[in-house]
Amino acid sequence: AESSPLFWPVVIFLIATGLSILLSRDISRSLTLSAPLVPAVLLFFVIADHFQGPRHVRLLYLTFSTVGLGLSLAVLWRAWMKDWSVPQGWQGWISEVQSPILIVPNDTAFLAAVAPLSLALVWGDARKSIRVLSGLSILASLLAVSVIRSRVAILTMIGSMVLAALLLRPRIALPLGLGIL
């Protein structure tokens, strides 16, 4: 891990994060909001130290696509259990999903950030099963973001998907982007 040029900056960031948690007024809330940093840092070190070649990148995309599908289905399940209505105090509703990634409704922007990785698999993987899983992940993410009605997540979804399409398939992306506008 120390071979990565970002090792020490990441360590310093984690120390600063730990100090900010300890010095905050509400330590348990700060800890809850900072919890997603742990898997992110671990993921960084796994990628920095062990990834070699496109196969590993595709597996990472597939992992993110699967996580996005799982979180989206959890959000959709909660919505279905609530009769697809947005109840009073709906900011607390997202916490019923019981995910450290989805704490507030705008956290569904994570799904929008993962969707372009799924799109890359839909357009770039030879195996039909992976393309189908990735397509389902995109569809479920679109539905989950729509149910939550987070403007940040919706705009991120539109922007990230159009940008990914532009990079992956420019001839398709231009009409798609103009059509959305």
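All figures in this text were calculated on a predicted structure; none of them were measured in a lab.

Rules and cut-offs
Residues numbered from 1 in each chain as written. Predicted model: local features only at pLDDT ≥ 70, side-chain atom pairs only at ≥ 80, totals over all residues. Heavy atoms only, no water. Phe/Tyr/Trp six-rings, centres within 6.5 Å; stacked < 30°, edge-to-face > 60°. Helix = DSSP H or I, 4+ residues; strand = E, 2+ residues; numbered from the N terminus. Buried < 20%, exposed > 50% of the residue type's maximum accessible area, 1.4 Å probe, protein only. pLDDT = per-residue confidence, 0-100. Core = buried A, V, L, I, M, F, W, Y, C linked by side-chain atoms within 4.5 Å. Contact = heavy atoms within 4.5 Å. Patch = residues over 30% accessible without salt bridge, like charges linked within 9 Å, V, L, I, M, F, W, Y side chains within 5 Å. Areas by Shrake-Rupley, 256 points an atom, 1.4 Å probe, with all protein chains shown as cover. Salt bridge = Lys/Arg side-chain N within 4 Å of Asp/Glu carboxyl O. Axes fitted to C-alpha atoms, helices over the stretch in contact; angles between N-to-C directions. Parallel < 35°, antiparallel > 145°, perpendicular 65-115°, else oblique. Nonpolar A, V, L, I, M, F, W, Y, C, P; charged D, E, K, R; others polar. Expected span 1.5 Å × (residues − 1). Arc of directions from axis to C-beta.

Engineer: Sorry, what's going on with the packing of aromatic side chains here?
Structural biologist: Given two aromatic rings, their pairing is described by the distance between the two centres and the angle made by the two planes. In this structure the tally under the stated criterion is one aromatic pair. Ring geometry for W77 against W80: centres 5.1 Å apart, planes inclined by 45°, an arrangement best described as tilted. Here W77 and its partner W80 are both found in helix α4 (residues 54–81), three residues apart, which amounts to about one turn of the helix. Overall, the relative accessible area of 48% leaves W77 in the partly exposed class. Since its relative accessible area comes to 46%, W80 is described here as partly exposed.

Engineer: Teacher, can you tell me more about the confidence of the model for the chain here?
Structural biologist: Caution is warranted with low-pLDDT regions, since their predicted coordinates should not be read in detail. Within the chain, residue pLDDT values average 81, and 82% of them lie at 70 or more. Confidence, expressed as mean pLDDT per element, reaches its minimum in the chain at helix α5 (residues 90–93) with 55 and its maximum at helix α7 (residues 128–148) with 91.

Engineer: Help me understand the nonpolar core, please; the structure alone is not making it clear to me.
Structural biologist: General note: in soluble globular proteins, nonpolar side chains tend to be found buried as a group. Residues L111, L119, A144, V145, M157 and M161 are the most contacted members of the largest nonpolar core, which totals 19 residues. For this core, the secondary structure elements donating two or more residues are α4, α6 (109–124), α7 and α8 (151–168). Every residue in contact with A144, bar those within four places of it in the chain, is listed here: S72, V75, L76 and L111.

Engineer: Could you clarify how one ought to interpret the environment of V38 in this entry?
Structural biologist: Among the secondary structure elements, V38 is positioned in helix α3 (residues 37–50). Since its relative accessible area comes to 52%, V38 is described here as exposed. Sequence separation between V38 and L14 is 24 residues, and the spatial gap between their C-alpha atoms is 9.0 Å.

Engineer: What is the right way to read a nonpolar patch on the surface from this model?
Structural biologist: A surface patch of nonpolar side chains, amounting to about 460 Å² of accessible area, comprises I15, L19, L22 and L23. Residue position: L19 is located in helix α1 (residues 7–23). Here L19 falls in the partly exposed class, since its relative accessible area comes to 48%.

Engineer: Before we go on, may I ask you to explain the packing of α1 against α3 in this structure?
Structural biologist: Two packed helices can be described by the angle between their axes and the distance between those axes. One can describe the packing of α1 onto α3 by two numbers: an axis separation of 12 Å at closest approach and a directional angle of 170°. One way to sum up the angle between α1 and α3 is to call them roughly antiparallel. For the pair formed by α1 and α3, the contact residues are F7, V10, F13, L14 and T17 on the first element and L37, V41, F44 and F45 on the second. Split into classes, the residues belonging to the contact of α1 with α3 amount to eight nonpolar, one polar and no charged.

Engineer: I tried to follow the side chain of T17 on my own but got confused; where do I start?
Structural biologist: In this fold, T17 is placed in helix α1. The residues contacting T17, other than those within four sequence positions of it, are S34 and L37.

Engineer: I'm lost on α8 in this one. Help?
Structural biologist: The α-helix advances 3.6 residues per turn, and as a result positions three or four apart in sequence lie on the same side. The first and last C-alpha atoms of α8 sit 25 Å apart over 18 residues, in line with the 26 Å expected at 1.5 Å per residue. The set of residues buried in α8 consists of A153, M157, S160, M161, A164 and A165. All buried residues of α8 fall inside an arc of 130° around its axis, so they share one side. Structural note: α8 exposes R151, L155 and L167 on the side pointing more than 90 degrees away from its buried face.

Engineer: What exactly am I supposed to notice about the side chain of S141 here?
Structural biologist: Along the chain, the position of S141 falls in helix α7. Not counting the four nearest positions on each side in its chain, S141 is found in contact with G68, S72, L111 and M157.

Engineer: Looking at this structure, how should I read the environment of A140?
Structural biologist: Here A140 lies in helix α7. Each C-alpha atom, one on A140 and one on L73, is 6.5 Å from the other, the two residues being 67 residues apart in sequence.

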